[in-house]
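Each chain is listed here by its residues.
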Amino acid sequence: MIPDTDASISEVDIYEDPPLIVRFRKIITTTRRTLKSNPNLLVGTVIIAFMLLIALLTFLPTKDFVARYNPQDLALQERLESPSGTHWFGTDSLGRDVYARTLHGAKTSLRVGAAVAILVTIVGVSLGVLVGYNRVADNIVMRFMDGMMSFPTLILALALVATLGSSLNNVILVIVIVDTPSMTRAVRAVVLSLRERTYVDAARASGASTKRILFFHIVPNTLAPVIIQASVFFGGAILTEAALGFLGVGTPDFIPSWGNIISAGRGYIRVGFWIAFFPGVFLALTVFAANLLGDGLRDVLDPRLRGEE
Amino acid sequence: MAGDYAGPDDVKLIRAELGLDKPVSTQFVEWVGRTLRGDLGRSIYSGKSVMELVKARIGPTLSLTIGGGLLAVAIGIPLGVFAAWKAGSRWDRGIQIFAALGISIPGFWLGFIMILAFAVFLRWFPVIGYVSPTENFMGWVRSITLPVILLAINGSSIIIRMTRASILEVLREDYIRTARAKGLTNKAVLFRHALRGGAIPIITVVGALAAGLLTGVVVTETVFTIPGLGRLIAETVQTRDFPVVQSMLMLLASLYVFINLCVDLAYVFFDPRVRL
């Protein structure tokens, strides 16, 4: 609650929240302590923050300074050059600078990851709460979700992208579609167990409406599992986007993405292995960091699932 | 399909030939009918039936998935149990890092690195392609070694994580404490009590592994240019050969559902408390 500034200051209310600055400091210390006690979380956060920084710098006007070249500039007389002082990660089969393309690829990957995580959370939580609270909707929606879950996700995504056509937005849409069932299922399970809790009974007994119970008592308590799931989907989406790009149906070539750079470099393994090598390092690091972040968040938010006692 | 100089009549003809001039609902009903009668349709391009294509390409895929699956189980379960047993130790940490890397590193990139290191530089294995075992047995072994290892790295990582979690849970149960209190040796506690109790969740792993393999095989066959079913899907998706894509998806989904059904049935066998 935001401290009420109109309240008379003479009366000391022990229930009043401490001033903002105090709470802010407390958040900082807790965050620092949590990060220190959990190496997974720390490493994951640092790597993701680094990639976010790259994405931001290549998005802003600083892009030509950071990436050194325009990722689309063709220079056919400089094709397939190995890494050197002028082209740090070498050049590809069209003479484009791989370093510039890799850095710009960060933008694409993180955009896909973040968009998918956010959209899946919104759709999954809404559906999960709906089906957790409504028997009829539960039967209809969950049978549909079961059907979708009977396809291995990458293969379903492959088929959907093929049908819809390759574009960045379609890639995002498709990954959201294939990830939604598992998010819905996770939220539904939490909602089903929460609605039987005594405090929900208590809220109902005190006359709270269903809407109020849902938004004040149920949804906030799904937050921990949802955050954990979302961090997993963030990494998974980046990986799926890259895999689709690699299979040649993902993000179109004029938007550099780690997947399509690797795909383009695949044919040049003997004469230009650097084309696929460097973006792959970035991709592997980012997905690894996202998974570490997920594990770390799970340890912090849900101690029951922790590996060690 | 019709070529660059096709007039509207040619297009109309092709549409009629493929049945695309009928309403979508009619097309769908006809497709369901054909599929139920076992006719999976024909490729738009090569004119071969899907069954022919599957028959021609199932060999490599079976070699890869069976090899990769077995290797994944052989590595994953012992390492997972060991990590749980030594929870918190340096070994545990190392195994967990391996599993985390195995899940995070994209298969198509790792495959590329493996080809680069073992085929291009060291020349131990062929760079791409597949040799049938009836043709040349050693050639077959050499051609599937790298892809099988690639599939197993990812598969075993999934297994390690699930096995470790389930064994840890079992180790916290009262009956394990009882067994320890009775003075049983560590070995007896692990093999006679913990593993038996942990068997159920480990069966679940097989379901997860199946999904991992089915997805992995598409990517792996593409990296190593192996003419299997996975490559078939990737190719037909690129060329938009929809009848093949559609039937392949349905076949894979049925296979996946069937495997999960077997997993559920296995529960009944291993755990008398579970009833059908």
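Residue numbers run consecutively from 1 along every chain, following the written order of its sequence. Key to labels: chains lettered from A, ligands numbered from 1, both in the order written. Reporting of local features is limited, given that this is a predicted model, to residues whose pLDDT is at least 70; pairs of side-chain atoms are given and counted only at 80 or more, and all residues count toward the totals for whole chains, interfaces and linings.

1. A closer look at the overall build of chain B
Moving on, step 1. Here a helix means four or more residues in a row that DSSP labels H or I, a strand means two or more in a row labelled E, and each is numbered from the N terminus. For chain B, the count of helices and strands is ten helices and zero strands.
Moving on, step 2. Its helices and strands taken in sequence order, chain B reads α-α-α-α-α-α-α-α-α-α from the N to the C terminus.
Moving on, step 3. Relative to a compact globule of 276 residues, whose C-alpha radius of gyration would be 19 Å, chain B shows 24 Å and is clearly more extended.
Moving on, step 4. Summarising its shape, the C-alpha atoms of chain B cover approximately 85 × 55 × 35 Å along the three principal directions.
Moving on, step 5. Counting other C-beta atoms within 10 Å of its own, a residue is labelled buried from 20 upward, exposed at 12 or fewer, and partly exposed in the gap between, with every C-beta atom placed from the backbone. Within chain B, the proportion of its 276 residues that are buried is 35%.
Moving on, step 6. By definition, residues are in contact whenever their C-beta atoms, placed on the basis of the backbone, come within 7 Å of each other. Relative to all contacts within chain B whose residues are 6 or more apart in sequence, the contacts with residues 24 or more apart total 71%. For the radius of gyration, the atoms used are the C-alpha atoms, and the globule rule reads 2.2 Å times the number of residues raised to 0.38.

2. Section: the overall build of chain A
Moving on, step 1. When you go through chain A residue by residue, the secondary structure sums to twelve helices and zero strands.
Moving on, step 2. Beginning at the N terminus, the succession of helices and strands in chain A can be written as α-α-α-α-α-α-α-α-α-α-α-α.
Moving on, step 3. For chain A, the residues scored as buried account for 43% of the 309 residues in total.
Moving on, step 4. Counted over contacts in chain A with a minimum sequence separation of 6, partners at least 24 positions apart contribute 68%.

3. Regarding the interface of chain A and chain B
Frequently, the measure chosen for interface size is the accessible area removed from exposure when the parts meet.
Moving on, step 1. Facing the 31 residues of chain A at the interface are 32 residues of chain B.
Moving on, step 2. When contributions to the side of chain A that touches chain B are tallied by element, the ones reaching two or more residues are helix 6 (153-164), helix 10 (223-246) and helix 12 (274-301) of chain A.
Moving on, step 3. With eight residues, helix 12 of chain A is the single largest residue contributor to the side of chain A that touches chain B.
Moving on, step 4. For this classification, the nonpolar set comprises Ala, Val, Leu, Ile, Met, Phe, Trp, Tyr, Cys and Pro, the charged set comprises Asp, Glu, Lys and Arg, and every other residue, Gly included, is treated as polar. Tallied by class, the residues present in the side of chain A that touches chain B amount to 22 nonpolar, six polar and three charged.

4. Examining the packing of helix 4 (residues 98-133) of chain A against helix 5 (residues 135-149) of chain A
Residue and element names in this part refer to chain A.
Moving on, step 1. At a closest axis distance of 6 Å, the pairing of helix 4 and helix 5 adopts a crossing angle of 130°. In terms of their interaxial angle, helix 4 and helix 5 are classed as oblique. In this structure, the crossing between helix 4 and helix 5 has a hand that is left-handed. Two secondary-structure elements touch here, helix 4 through Leu127, Leu130 and Val131 and helix 5 through Ala137, Asp138, Val141 and Met142.
Moving on, step 2. The class makeup of the residues in the contact of helix 4 with helix 5 is six nonpolar, no polar and one charged. Only C-alpha atoms enter the line fits that serve as axes; for helices the fit covers just the stretch in contact. Angles between N-to-C directions range over 0 to 180 degrees. By the definition adopted for this analysis, an angle is roughly parallel if under 35 degrees, roughly antiparallel if over 145, roughly perpendicular if from 65 to 115, and oblique otherwise. Working rule for handedness: look at the near helix, and if it is turned counterclockwise from the far one by less than a right angle, call the crossing left-handed; if clockwise, right-handed.

5. Digging into unusual backbone geometry
Residue and element names in this part refer to chain B.
Moving on, step 1. At Thr225, a residue that is not glycine, the phi angle is positive and equals roughly 50°.
Moving on, step 2. Within the secondary structure, Thr225 sits in the loop between helix 8 (186-223) and helix 9 (229-239).
Moving on, step 3. Given 13 C-beta atoms within 10 Å, Thr225 falls into the partly exposed group.

6. Here we look at the nonpolar core
Moving on, step 1. When buried Ala, Val, Leu, Ile, Met, Phe, Trp, Tyr and Cys residues are joined through C-beta atoms within 7 Å, the set is termed a nonpolar core. Among the nonpolar cores identified, the biggest contains 133 residues, and Val116, Ile155, Ala157 and Leu158 of chain A together with Ile233 of chain B are the most heavily contacted of them.
Moving on, step 2. When residues in this core are grouped by element, the largest group, 15 residues, is from helix 6 (residues 137-171) of chain B.
Moving on, step 3. Excluding residues that lie within four positions of it along the chain, Ala157 of chain A makes contacts with Val174, Ile175, Val178, Thr240 and Leu244 of chain A.

7. Some points on the environment of Ala290 of chain A
Residue and element names in this part refer to chain A.
Moving on, step 1. Tracing the backbone through its elements, the reader meets Ala290 in helix 12.
Moving on, step 2. On the neighbour-count criterion, Ala290 (26 C-beta atoms within 10 Å) is buried.
Moving on, step 3. On a C-alpha basis, the gap between Ala290 and Gly44 in space is 6.1 Å, while along the polypeptide they are 246 residues apart.
Moving on, step 4. Apart from residues lying up to four places away in sequence, Ala290 is in contact with Gly44, Ile48, Ser231, Phe234, Gly235 and Ile238.

8. Focus: the packing of helix 2 (residues 39-59) of chain A against helix 4 of chain A
All names here are of chain A.
Moving on, step 1. For the pair helix 2 and helix 4, interaxial distance at closest approach is 8 Å and the crossing angle is 110°. Judged by the angle between their axes, helix 2 and helix 4 are roughly perpendicular. Contact with helix 2, carried on its side by Met51, Leu52, Ile54, Ala55, Thr58 and Phe59, involves Leu103, His104, Ala106, Lys107 and Leu110 of helix 4 and no other residues of that element.
Moving on, step 2. Residues belonging to the contact of helix 2 with helix 4 are distributed by class as follows: eight nonpolar, two polar and one charged.

9. Some points on the environment of Gly235 of chain A
Residues and elements named next belong to chain A.
Moving on, step 1. Tracing the chain through its elements places Gly235 in helix 10.
Moving on, step 2. The sequence separation of Gly235 and Gly113 amounts to 122 residues, and the corresponding C-alpha distance is 6.4 Å.
Moving on, step 3. Those residues in contact with Gly235, other than ones at most four positions away along the chain, are Gly113, Val287, Ala290, Asn291 and Gly294.

10. Here we look at the confidence of the model for chain A
Moving on, step 1. In this model, chain A carries a mean pLDDT of 81, and residues with pLDDT of at least 70 account for 89%.
Moving on, step 2. When the criterion is pLDDT under 50, residues 305-309 of chain A qualifies, and its contacts beyond four places in sequence or with other chains add up to six contacts. A residue's pLDDT is the predictor's confidence in that residue, given on a scale from 0 to 100.

11. With respect to the confidence of the model for chain B
Residues and elements named next belong to chain B.
Moving on, step 1. Overall, the prediction assigns chain B a mean pLDDT of 81, with 95% of residues at 70 or greater.
Moving on, step 2. For chain B, helix 1 (residues 8-17) is the element with the lowest average pLDDT, namely 73, and helix 4 (residues 90-104) is the one with the highest, namely 89.
Moving on, step 3. Scored as a whole, the predicted complex attains pTM 0.81, and scored at its interfaces, ipTM 0.78.

12. Structural notes on the environment of Ala266 of chain B
Moving on, step 1. By secondary structure assignment, the location of Ala266 of chain B is in helix 10 (residues 242-270).
Moving on, step 2. For Ala266 of chain B, a count of 17 C-beta atoms within 10 Å gives the class partly exposed.

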